[in-house]
Amino acid sequence: RNAVFEAFFEAAEISALSDIDRETYNTSLKCYRDMNNVVVTAKEEGREEGREEGREEGEAIGIEKGEAIGIEKGEVIGIKKAVLLMHRNGMPCEEIAKALDMPLNEVKSIIREAI
């Protein structure tokens, strides 16, 4: 309710100004509004640029982590395939473990999972 009265009194004060003072006031108000719009637009553009940079950095980190996980999984799969191939060719678990520098229980676990 106070805002309504304040707006009313402001309008009354403006209408009481001389023509020159009113023109000066309107010009000043226009400059203020233009500058305010420039600042608001700059902030919005800055936020959007920040979001875009954040997205790009996030994607790069995600790709890097994904590649690392993929390489690790690929290595695990490769080791499992090697263990199973050696086992199918009749190599004892102890020799497989020694050849691949793995704990014996891990070799046996891989073989058990495949059966």
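Residues numbered from 1 in each chain as written. Predicted model: local features only at pLDDT ≥ 70, side-chain atom pairs only at ≥ 80, totals over all residues. Heavy atoms only, no water.

1. Here we look at the packing of helix 2 (residues 19-88) against helix 4 (residues 104-114)
- The interhelical angle for the contact between helix 2 and helix 4, taken along N-to-C directions, is 80 degrees, at an axis separation of 10 Å. It follows that helix 2 is roughly perpendicular to helix 4 by the angle criterion. In this structure, helix 2 uses K80, V83, L84 and H87 to contact helix 4, whose residues at the interface are V107, I110, I111, E113 and A114.
- Of the residues belonging to the contact of helix 2 with helix 4, the class tally is six nonpolar, one polar and two charged. (Axes fitted to C-alpha atoms, helices over the stretch in contact; angles between N-to-C directions. Helix = DSSP H or I, 4+ residues; strand = E, 2+ residues; numbered from the N terminus. Parallel < 35°, antiparallel > 145°, perpendicular 65-115°, else oblique. Contact = heavy atoms within 4.5 Å. Nonpolar A, V, L, I, M, F, W, Y, C, P; charged D, E, K, R; others polar.)

2. Examining the nonpolar core
- Counting residues in hydrophobic clusters, the biggest one holds nine residues: V83, L84, C93, I96, A97, M102, V107, I110 and I111.
- For this core, the secondary-structure elements that each account for two or more residues are helix 2, helix 3 (93-100) and helix 4.
- With near-sequence residues (within four places) excluded, L84 lies in contact with I110, I111 and A114. (Core = buried A, V, L, I, M, F, W, Y, C linked by side-chain atoms within 4.5 Å. Buried < 20%, exposed > 50% of the residue type's maximum accessible area, 1.4 Å probe, protein only.)

3. Section: helix 3
- Those residues of helix 3 lying buried are C93, I96 and A97. Each buried residue of helix 3 lies within a common arc of 100 degrees when the element is viewed along its axis, so the set occupies one face. Exposed and facing more than 90 degrees away from the buried side of helix 3 are K98 and A99.
- Turning to helix 3, the residues buried within the fold contact helix 2 and helix 4.
- Positive backbone phi, at 55 degrees, marks D101, one or two positions downstream of helix 3. (Arc of directions from axis to C-beta.)

4. Some words on the pattern of salt bridges
- Counted under the stated rule, the structure contains six salt bridges.
- Its salt-bridge partner being E48, residue R55 comes within 3.8 Å of it at the nearest N-O pair.
- Put simply, K80 and E113 hold a salt bridge, and the shortest N to O gap is 3.7 Å. A residue pair is termed long-range when its members are at least 10 positions apart, and K80 in helix 2 and E113 in helix 4 qualify at 33 residues.
- According to the relative accessible area criterion, E113 is exposed, its value standing at 55%.
- Shared partners join several salt bridges into a network, and the residues in it are E48, R51, E52 and R55. (Salt bridge = Lys/Arg side-chain N within 4 Å of Asp/Glu carboxyl O.)

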